[in-house]
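# Structural overview
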Amino acid sequence: QVQLVESGGGLVQPGGSLRLSCAASGSISSIYVMSWYRQAPGKQRELVASINRGGGTNYADSAVKGRFTISRDNAKNTVYLQMNSLKPEDTAVYYCHAEISQILGKYNYWGQGTQVTVSS
């Protein structure tokens, strides 16, 4: 059994910053790609950024490039999303996703989501 536990969401004013964390625990052999997705009200869940085990990153959403930074700590099985210069359109539920290798194979796991609200 594997759990992804997210933290760090909340209410912030436009231009502010938040740092999201997602820690994986349980029966884990190795974690490959870790990602952050977000889902705004009435919209589909979309990929924000991902990072592989070696630290290579991909920012799928051009709207966050230069403002958001994804990073990870392999020793802690944790991925972070530093969000700066936040805008109201960044308001969404943010989900952590991880590709995790276990004894019987590789599986995909999701966190429960953390709400980020950008509003004055």
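Look up: the structure comes first, before these words.
A brief look at the structure comes next. (Residues numbered from 1 in each chain as written. Predicted model: local features only at pLDDT ≥ 70, side-chain atom pairs only at ≥ 80, totals over all residues. Heavy atoms only, no water.)

### Focus on the pairing of strand β4 (residues 30-39)
Most of β4 is tucked away: seven of the 10 residues are buried. Bridge count for β4 against strand β9 (residues 92-102) is eight bridges, and the pairing is antiparallel. Each bridged residue has a counterpart across the sheet, and for Ser35 the counterpart in β9 is His97. Relative to strand β5 (residues 46-51), β4 is paired through five bridges, and the arrangement is antiparallel. Along β5, the bridge assignment pairs Arg38 with Glu46. Counted between consecutive antiparallel strands, the loop separating β4 from β5 contains six residues, among which Gly42 sits at a positive phi close to 75 degrees. (Buried < 20%, exposed > 50% of the residue type's maximum accessible area, 1.4 Å probe, protein only. Helix = DSSP H or I, 4+ residues; strand = E, 2+ residues; numbered from the N terminus. Pairing = 2+ DSSP bridges.)

### Focus: the pairing of strand β10 (residues 105-110)
Here β9 pairs with β10 via six bridges, running antiparallel. The partner of Glu99 across the bridge, within β10, is Asn108. The antiparallel hairpin formed by β9 and β10 contains two residues in its connecting segment.

### Some thoughts on unusual backbone geometry
Positioned with a positive phi, Asn77 is a non-glycine residue whose angle comes to about 50 degrees. Here Asn77 lies in the loop between β7 (68-73) and β8 (78-83). Residue classification places Asn77 among the partly exposed positions, given a relative accessible area of 23%. Positive phi, normally seen in glycine, also occurs at Ser85, with a value near 50 degrees.

### Overview of the nonpolar core
Ranked by internal contacts, the top residues of the largest apolar core, which has 29 residues, are Trp36, Met83 and Tyr94. Of all the secondary-structure elements, those providing two or more residues to this core are β1 (2-7), β3 (18-26), β4, β5, β7, β8, β9 and β11 (114-118). Here the element with the most residues in this core is β9; it accounts for five residues. Ignoring anything within four residues of it in the chain, the contact list for Tyr94 reads Glu6, Leu20, Trp36, Tyr37, Arg38, Val48, Phe68, Leu81, Met83, Gly113, Thr114 and Val116. (Core = buried A, V, L, I, M, F, W, Y, C linked by side-chain atoms within 4.5 Å. Contact = heavy atoms within 4.5 Å.)

### What about the sheet that holds β7?
What the four strands build is an open sheet, ordered β1-β3-β8-β7; its pairing is antiparallel. Edge strands, defined here as strands with exactly one partner in the open sheet, are β1 and β7. Pairs of neighbouring strands in the sheet enclose a mean axial angle of 15 degrees, with direction left out of account. Pairing analysis gives six bridges linking β1 to β3, with the strands arranged antiparallel. Note that in β3 the partner of Glu6 across the bridge is Cys22. (Axes fitted to C-alpha atoms, helices over the stretch in contact; angles between N-to-C directions.)

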